[in-house]
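# Structure assessment
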Amino acid sequence: MSFAKQLPRALKEIRLHLCQTGHSSEGLRQFIATTYPAIKDARPDLKVLIREANGIEPRAFARFERGVEAQTNLSGLSEKDVSAALSKLVSSQPGASA
């Protein structure tokens, strides 16, 4: 199942922090380019915030109902590994069933 189709309703926001040119952010940049349209098609109301800053480590933050937040490091991961890490992030939270 694609990442976009498995997003739980309890998920309210995804924040992605990455470097525009850094090698460690390459997989996340590819993930955004290929998966962002599918995420917005599946959940047009979901906030997806993409923050670019020079020299930072790529990270993902997920905000769920009642303000519960979780985060994961995405440094040096391939596009496929980024998708797997984000899937684990959004599905491992209490109350995060689809």
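Residues numbered from 1 in each chain as written. Predicted model: local features only at pLDDT ≥ 70, side-chain atom pairs only at ≥ 80, totals over all residues. Heavy atoms only, no water.

In the nomenclature of an unreviewed UniProt entry, the chain corresponds to NADH dehydrogenase 10.5K chain from the organism Papiliotrema laurentii. Quoted straight from UniProt, the Subcellular location (unreviewed entry) entry for the chain says "Mitochondrion inner membrane". (UniProt positions renumbered as here; feature names shortened; annotations may be inferred.)

## Some details on the pattern of salt bridges
Taken as a whole and judged by the stated rule, the model has four salt bridges. Of the charged contacts, one joins Glu13 and Arg15 as a salt bridge, the two residues approaching to 2.6 Å between their closest N and O atoms. Across the pair, Arg15 and Glu13 agree in class, each one buried. The residue Arg43 makes a salt bridge to Asp45 at a minimum N-O spacing of 3.6 Å. Owing to a relative accessible area of 55%, Asp45 belongs among the exposed residues under this scheme. Here the salt bridges do not stand alone but share partners, grouping Glu13, Arg15, Arg63 and Glu69 into one network. (Salt bridge = Lys/Arg side-chain N within 4 Å of Asp/Glu carboxyl O. Buried < 20%, exposed > 50% of the residue type's maximum accessible area, 1.4 Å probe, protein only.)

## Section: the sheet that holds strand β4 (residues 69-73)
Strand order across the open sheet formed by four strands is β2-β1-β3-β4, with mixed pairing between neighbours. This sheet does not close on itself; its edge strands, each paired only once, are β2 (47-52) and β4. Averaged over all pairs of adjacent strands, the angle between their axes in this sheet comes to 15°, without regard to strand direction. Across five bridges, the pairing between strand β3 (residues 59-64) and β4 is antiparallel. Counted as the bridge partner of Arg63 is Glu69 from β4. Running over the sheet, helix α1 (residues 26-42) touches β1 (11-18) and β2 and is turned about 155° from β1. Together, β1, β3 and β4 form the strand contacts of helix α2 (residues 79-91), whose direction differs from that of β3 by roughly 25°. (Pairing = 2+ DSSP bridges. Helix = DSSP H or I, 4+ residues; strand = E, 2+ residues; numbered from the N terminus. Axes fitted to C-alpha atoms, helices over the stretch in contact; angles between N-to-C directions. Contact = heavy atoms within 4.5 Å.)

## Remarks on unusual backbone geometry
At Arg66, a position not held by glycine, the phi torsion is positive, near 60°. The residue Arg66 is located in the loop between β3 and β4 in this model. Here Arg66 falls in the exposed class, since its relative accessible area comes to 83%.

## Concerning the nonpolar core
Nonpolar side chains in soluble globular proteins generally cluster together in the buried interior. Counting residues in each nonpolar core, the largest one holds 24 residues, and the members touching the most others are Phe3, Leu7, Leu11, Leu28 and Leu86. Among the elements of the structure, β1, α1, β3 and α2 are those that each provide at least two residues to this core. Beyond its immediate chain neighbours, meaning those up to four positions away, Leu86 contacts Phe3, Leu16, Phe31, Ala60 and Leu74. (Core = buried A, V, L, I, M, F, W, Y, C linked by side-chain atoms within 4.5 Å.)

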